[in-house]
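Architecture at a glance
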Amino acid sequence: MSQYPISMEVTPDVTAFFDPATNTISYVVKDPASKACAVVDSVMDIDYAAGRITSENADKIITFIQDNGLELAWQIETHVHADHLSAAPYIQEKLGGKVGVGQNITMIQDVFGKIFNEGTEFQRDGSQFDRLFKEGGVYQVGEMTCFAMHTPGHTPACMVHVMGNAAFVGDTLFMPDGGSARADFPGGCAAELYDSIQRVLALPDEMRLFMCHDYGPNGRDIQWETTVAEEKAANIHVGGGKSKDEFVKFRTERDAVLDMPKLIIPSLQVNMRAGEVPVDEHGDPMLKVPVNKI
């Protein structure tokens, strides 16, 4: 890990916002030395059956930032989510800041641009985002130096973002009793996911890890923070020295019986556009439903 600018002395203030409709945790991450902050994995609300998009979750984040006099530097998308809509453009309109995602977003755009039968006007170069992070890419939140780790497996564009002694792992890991995320989406790979998890677990043992999702296994309360040491010791899918072969066998068999996320169709269309809802030829917001393609 010596190639990364890890600074365990920097402890950002992390405030979590849990969305029970999608079991997603969004974060406001504040630089301890300034008023600068970042938002990680924001959520826009959608009633899919009614075709109605609203902003209750995003408004909570906006209010928190405004009430605390913070300045939004970045909105980070750890990956193209398949289970909720990003609120990035809505928050950016209110508070500014840049929106960043992993550079392999172009792979997602290419695959799903075809699935959703998008025309040539849909750019597949990631230009909808302000920055495409490369492996090891560095950026600033105030005086805090942050960096991105490429962690493919769940999707090709997954990144873990490290800010001081806090790492935001997206869907690369769940809490120790939750294990790991699926690896059967287009471009996903269980073997790659195992390797990515090992890279995360090579971070310092005391590194705080923040989850993007939690489902309260066995009825426990929702949780979202753990450490590298706890994951290495107790993660039910990779902890305790489980081998790559063991993980790939389990993950492949498990993924084969999982249902698709309920919001995968609207989420992918919106999130591959950096949170913008596509429009029809009249400029009206409109979502497509591809048949027998996902």
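Preceding this section is the structure that the text describes.
The paragraphs below set out a description of the structure included in this document. (Residues numbered from 1 in each chain as written. Predicted model: local features only at pLDDT ≥ 70, side-chain atom pairs only at ≥ 80, totals over all residues. Heavy atoms only, no water.)

Structural notes on the sheet that holds strand β1 (residues 13–19)
Test applied: By definition, two strands form a pair when at least two bridges between them are found by DSSP. In DSSP terms, a helix is any run of H or I states spanning at least four residues, a strand is any run of E spanning at least two, and both are numbered starting from the N terminus. In this analysis, axes come from line fits to C-alpha atoms, helices being fitted only over the stretch in contact, and the angle between any two N-to-C directions falls in the range 0 to 180 degrees.
The sheet built from six strands is open, its strands ordered β1-β2-β3-β6-β7-β8 with mixed pairing. Of all strands in the sheet, those bounded by a partner on one side alone are β1 and β8 (131–133). Each neighbouring strand pair of the sheet contributes to a mean axis angle of 25 degrees, computed without reference to strand direction. When strand β2 (residues 24–30) meets strand β3 (residues 36–40), the two strands line up antiparallel, connected through four bridges.

Quick notes on empty space enclosed by the protein
Keep this limit in mind: We place a 1 Å grid over just the protein atoms. Points where a 1.4 Å probe fits but has no way out form a cavity, open points with protein on both sides within 12 Å along at least 5 of 7 lines form a pocket, and any residue with an atom within 4 Å of a point lines it. Grid points are joined across faces, edges and corners, and a volume is the space filled by probe spheres set on the points.
Per the stated rule, a full pass over the model turns up two cavities of 30 Å³ or more. Size it by volume and the largest cavity reaches roughly 70 Å³. Along the walls of the largest cavity sit V80, A82, I108, F112, T155, P156, F185, P186, I264 and L268, which together make up its complete lining. Among the elements of the structure, α3 (105–115) and α7 (264–271) are those that each provide at least two residues to the lining of the largest cavity.

Some points on the packing of aromatic side chains
Stated precisely, the cut-off is as follows: Under the pairing criterion, centres of Phe, Tyr and Trp rings, with the six-membered ring standing for Trp, must be within 6.5 Å; the plane angle then separates stacked pairs below 30 degrees from edge-to-face pairs above 60, leaving the rest tilted. Geometrically, a charge over a ring is one whose NZ (Lys) or CZ (Arg) sits within 6 Å of the ring centre while staying within 35 degrees of the ring normal.
By the definition in use, this model includes 11 aromatic pairs. Members of the aromatic cluster, joined through ring pairs, are Y27, F168 and F210. Positioned over the ring face of F122 is R273, at 4.7 Å from the centre of the ring.

With respect to the nonpolar core
Our working definition: For this analysis, a nonpolar core means a set of buried residues of the types Ala, Val, Leu, Ile, Met, Phe, Trp, Tyr and Cys, connected via side-chain atoms within 4.5 Å. The rule is simple: take the accessible area with a 1.4 Å probe, protein chains only, and divide by the maximum for that residue type; under 20% is buried, over 50% is exposed, in between is partly exposed. Residue contacts are counted whenever heavy atoms from the two residues lie within 4.5 Å of one another.
Judged by nonpolar contacts, the single largest core of 24 residues is most densely connected at V162, L173, L203, M207 and L209. Every element with two or more residues in this core is listed here: β10 (144–150), β11 (159–163) and α4 (190–201). Here this core takes six residues from α4, the largest share from any one element. Residue contacts for L209: discarding those within four places in its chain leaves A167, V169, L173, V200, W224, E225, T226, T227, V228 and E231.

Digging into the pattern of salt bridges
Threshold: A pairing counts as a salt bridge when a side-chain nitrogen of Lys or Arg comes within 4 Å of a carboxyl oxygen of Asp or Glu.
Under the defined criterion, the tally for this structure stands at 11 salt bridges. A salt bridge links R220 to D177, with the shortest nitrogen-to-oxygen separation between them at 2.6 Å. Taken together, the residues span a long stretch of sequence, with R220 in the loop between β13 (208–210) and β14 (225–227) and D177 in the loop between β12 (166–168) and α4 at a distance of 43 residues. According to the relative accessible area criterion, D177 is partly exposed, its value standing at 30%. Where K232 meets D205, a salt bridge forms, and the shortest distance between an N and an O atom there is 2.6 Å. Taken as a pair, K232 in helix α5 (residues 228–234) and D205 in the loop between α4 and β13 lie far apart in primary sequence, 27 residues in all. Look at K232 and you get partly exposed, because its relative accessible area is 34%. What emerges from the salt-bridge pattern is a single network uniting E118, R273 and K288.

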